[in-house]
Amino acid sequence: TVVEACDETCMLSMYVPRTRSAMVVRALHGSHPLRYDAPLYEPSSLVWGATGQGILAFLPTEVIDDILAAEGPSPADARKDVRPQQVRRELARVREQGYAHTHGQKIKGAVGFSAPVFNSTGVVAALCITLPESRYEPSMETRLARTLMRQAELFSVSLGWRGGLQASARAA
């Protein structure tokens, strides 16, 4: 599992189309006493943080535009407003590399990673890893991202997805 591979907090964040939000529906924690507890079943932003961006990047362009137009400031820093062009660049990078990677966008002092989960119709969720900045080293990125993308792909195939991440990036 992802938790066994990284020993950090791992979450499944579902896309909620009706509210155009993400919702953590499952969280598993590693062995570290310092960890993040995401509230379960509460809507959260698709714009701020890896848990939402791993979903947002693979939604249709018109949905992304509507979400960006309605989004408020960062939950981690109310002084940081949405910059739609910057977010679009970040989402393009997510689609290109197959995962989201953020620092302190939703929770100050947190580092997040997520990879999209698809069913036969498109993106439905994201698998996520969250850890404190104090434990994160840039050399961890490749290992964490590969582990996450592999597990998300296996999950996606079990839900009926027949494309790979490259196919999903072209579809978005």
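All values reported here derive from a predicted model rather than from experimental measurement.

Quick notes on the overall build of the chain
Link 1 in the chain: Per the secondary structure count, the chain includes six helices and six strands.
Link 2 in the chain: Secondary structure elements of the chain, listed N to C terminal, follow the sequence α-β-β-β-α-α-α-β-β-β-α-α.
Link 3 in the chain: The C-alpha radius of gyration computed for the chain amounts to 15 Å, which stays within 12% of the reference 16 Å derived for 172 residues, consistent with globular compactness.
Link 4 in the chain: With the principal axes as the frame, the chain shows a C-alpha extent of 40 × 40 × 30 Å.
Link 5 in the chain: Every one of the 172 residues in the chain was classed for burial, and the buried ones make up 47%.
Link 6 in the chain: Across the chain, the fraction of contacts at a sequence separation of at least 24, relative to all contacts at a separation of at least 6, is 58%.
Link 7 in the chain: Only carbon and sulfur atoms are counted for the fraction: they give 52% of the accessible area of the chain, which is about 8800 Å².
Link 8 in the chain: If you average the places of the 19 positive and of the 17 negative side-chain charges in the chain, the two averages end up 2 Å apart.

Notes on the packing of aromatic side chains
Link 1 in the chain: Counted according to the given criterion, the structure contains four aromatic pairs.
Link 2 in the chain: Centroid distance Phe113 to Tyr136: 5.9 Å. Interplanar angle 50°. Geometry classified as tilted. Of this pair, Phe113 sits in strand S5 (residues 110–119) while Tyr136 sits in the loop between strand S6 (122–132) and helix H5 (141–158); the two residues are 23 residues apart in sequence, bridging distant segments of the chain.
Link 3 in the chain: Overall, Phe113 belongs to the buried group, its relative accessible area being 0%.

Re the layout of surface pockets
Leftover empty space is mapped by rolling, across the atoms, a probe with the size of a water molecule.
Link 1 in the chain: Taken as a whole, the largest pocket holds about 320 Å³ of empty space.
Link 2 in the chain: Considering the residues around the largest pocket, the lining is formed by 24 residues, among which Met11, Ala38, Thr51, Lys106 and Ile107 are closest to the centre.
Link 3 in the chain: Elements supplying a minimum of two residues to the lining of the largest pocket: strand S3 (43–44), helix H2 (50–56), strand S4 (100–103), S5 and S6.

Some words on the pairing of S4
Link 1 in the chain: By the bridge criterion, four bridges tie S4 to S5 in an arrangement that is antiparallel. By the bridge assignment, His103 is partnered in S5 with Val111.

Considering unusual backbone geometry
Link 1 in the chain: Located in the positive-phi region is Arg20, a residue other than glycine, with phi close to 50°.
Link 2 in the chain: For Arg20, the location among the structural elements is in the loop between strand S1 (9–16) and strand S2 (21–28).
Link 3 in the chain: When its relative accessible area of 34% is taken as the criterion, Arg20 is described as partly exposed.
Link 4 in the chain: In this model, Tyr41 sits at a positive phi of 60°, which is unusual for a non-glycine residue.
Link 5 in the chain: Mapped onto the secondary structure, Tyr41 falls in the loop between S2 and S3.
Link 6 in the chain: With relative accessibility at 52%, the residue Tyr41 sits in the exposed group.

Thresholds applied
- Residues numbered from 1 in each chain as written.
- Predicted model: local features only at pLDDT ≥ 70, side-chain atom pairs only at ≥ 80, totals over all residues.
- Heavy atoms only, no water.
- Helix = DSSP H or I, 4+ residues; strand = E, 2+ residues; numbered from the N terminus.
- Rg over C-alpha atoms; globule rule 2.2 N^0.38 Å.
- Buried < 20%, exposed > 50% of the residue type's maximum accessible area, 1.4 Å probe, protein only.
- Contact = heavy atoms within 4.5 Å.
- Areas by Shrake-Rupley, 256 points an atom, 1.4 Å probe, with all protein chains shown as cover.
- Lys, Arg positive; Asp, Glu negative; His and termini not counted.
- Charge placed at Lys NZ, Arg CZ, Asp CG, Glu CD.
- Phe/Tyr/Trp six-rings, centres within 6.5 Å; stacked < 30°, edge-to-face > 60°.
- 1 Å grid on protein atoms, 1.4 Å probe; cavity = no way out; pocket = protein on both sides within 12 Å on 5 of 7 lines; lining within 4 Å.
- Points joined across faces, edges and corners; volume = space filled by probe spheres on them.
- Pairing = 2+ DSSP bridges.

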